[in-house]
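# Observations on the three-dimensional arrangement
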Amino acid sequence: VWSGALGDGSGSDWHNACRTWNEMVSAYAARETKPSEIWFVDLGSPILAPDTLTVTADLAMRGGFDYLCDSASDRAAGARSVLDARRRFALAKIANASASVMIERLEFTRSASEGLVKEGAGNLDIRDCVFFDNAIVNGCTHSLVTSFQALSAILSKTGWIAGLM
């Protein structure tokens with residue numbers, strides 16, 4: 001996913017990278033053979049509420065890339081990709097009934113509600129991520145919302161989480 005991609009949005013390479021979350025969700029759903037990884041440079045400005053990414057096979061969502069990286073080992077040390085909702089919507093929605101999802105080196109920021117919404121009983125592994133300046137609703141920061149009780153997190157509007165879980 002790279003907002004500056006000029007190609008067809010199919011996600012087949014950096015030139016044809018998806019530009020938005022919803023393009024990425026559509027490209028993932030259209031593939032008969034699901035990818036094992038989705039790489040992020042950044043996320044285009046959301047103009048619509050995020051579609052739910054329904055994950056049916058184990059998936060790693062990795063940030064920290066520039067558009068020249070050919071592998072995860074090419075990323076600069078400590079680099080993260082910023083997913084900025086610009087106060088419009090929740091940032092990302094994932095449903096995984098049984099597949100495992102690993103999210104690595106992404107920064108979820110400035111959502112109008114939740115930074116990340118997760119549904120389903122599948123595992124969620126968050127590594128070296130930051131949840132920052134997401135909306136406060138009813139006195140609570142809604143940076144990470146899950147439908148399972150194995151994860152509980154208290155997030156501060158001015159704080160951050162790195163390496164949750």
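Scroll up a little and you will see the structure.
An account of the accompanying structure is given in this report. Just so we're clear, the structure is a prediction, and the values are computed from it rather than from any experiment.

## What to know about the sheet that holds strand β1 (residues 37-39)
The strand order across the open sheet built from 4 strands is β1-β3-β6-β9, with neighbouring strands paired in parallel fashion. Since the sheet does not close on itself, it has two edges, and those belong to β1 and β9 (124-127), each with one partner. Strand after strand, the sheet turns through a mean of 10° between neighbouring axes, direction not considered. Both strand β6 (residues 101-104) and β9 contribute to a ladder of 4 bridges, which runs parallel. Among the inter-strand pairings, Val101 is bridged to a residue of β9, identified as Leu124.

## Let's talk about the layout of surface pockets
Size it by volume and the largest pocket reaches roughly 360 Å³. Around the largest pocket, the lining comprises 18 residues; the ones closest to its centre are Gly11, Ser12, Glu37, Ile38 and Trp39. Elements represented by at least two residues in the lining of the largest pocket include exactly α1 (21-30) and β1. Of the residues in the lining of the largest pocket, the class split is 11 nonpolar, 3 polar and 4 charged.

## Digging into the pairing of strand β5 (residues 92-95)
Alignment of strand β2 (residues 52-54) against β5, held across 3 bridges, turns out to be parallel. Bridging from a neighbouring strand, Leu53 pairs with Ile94 of β5. Bridge analysis of β5 against strand β8 (residues 116-119) gives 4 bridges, and the strand direction is parallel. Paired with Ala92 across the bridge in β8 is Leu116.

## Some points on the sheet that holds strand β10 (residues 130-132)
Across the sheet, which stays open at both edges, the 3 strands sit in the order β4-β7-β10 with parallel pairing between neighbours. The open sheet has two edge strands, β4 (81-84) and β10, and neither has a second partner. Taking each pair of neighbouring strands and ignoring which way they run, the sheet shows an average axis angle of 20°. The sheet contact formed by β4 and strand β7 (residues 106-109) spans 4 bridges and is parallel. What sits directly across from Leu83, in β7, is Phe108.

## Describing α1
Listed as buried for α1 are Trp21, Asn22, Met24, Val25, Ala27 and Tyr28. Structurally, α1 contributes buried residues whose contacts are with β1, β2, β3 (59-62) and β5.

## Side note on the packing of aromatic side chains
Summed over all chains, the structure comprises 5 aromatic pairs. Between Trp14 and Phe65, the aromatic rings sit 6.0 Å apart at their centres with planes inclined by 50°, giving tilted as the arrangement. Taken together, the positions of Trp14 in the segment before α1 and Phe65 in the loop between β3 and β4 put the pair 51 residues apart, joining distant regions of the chain. Accessibility expressed as a relative area gives 5% for Phe65, which makes it buried. With a centroid separation of 4.8 Å and 5° between ring planes, the pair formed by Phe108 and Phe131 is classed as stacked. Taken together, the residues span a long stretch of sequence, with Phe108 in strand β7 and Phe131 in strand β10 at a distance of 23 residues. As far as burial versus exposure is concerned, Phe108 and Phe131 are alike and both buried. Counting every residue linked through ring pairs, the aromatic cluster contains Trp14, Trp39 and Phe65.

Cut-offs used in this document
Residues numbered from 1 in each chain as written. Predicted model: local features only at pLDDT ≥ 70, side-chain atom pairs only at ≥ 80, totals over all residues. Heavy atoms only, no water. Pairing = 2+ DSSP bridges. Helix = DSSP H or I, 4+ residues; strand = E, 2+ residues; numbered from the N terminus. Axes fitted to C-alpha atoms, helices over the stretch in contact; angles between N-to-C directions. 1 Å grid on protein atoms, 1.4 Å probe; cavity = no way out; pocket = protein on both sides within 12 Å on 5 of 7 lines; lining within 4 Å. Points joined across faces, edges and corners; volume = space filled by probe spheres on them. Nonpolar A, V, L, I, M, F, W, Y, C, P; charged D, E, K, R; others polar. Buried < 20%, exposed > 50% of the residue type's maximum accessible area, 1.4 Å probe, protein only. Contact = heavy atoms within 4.5 Å. Phe/Tyr/Trp six-rings, centres within 6.5 Å; stacked < 30°, edge-to-face > 60°.

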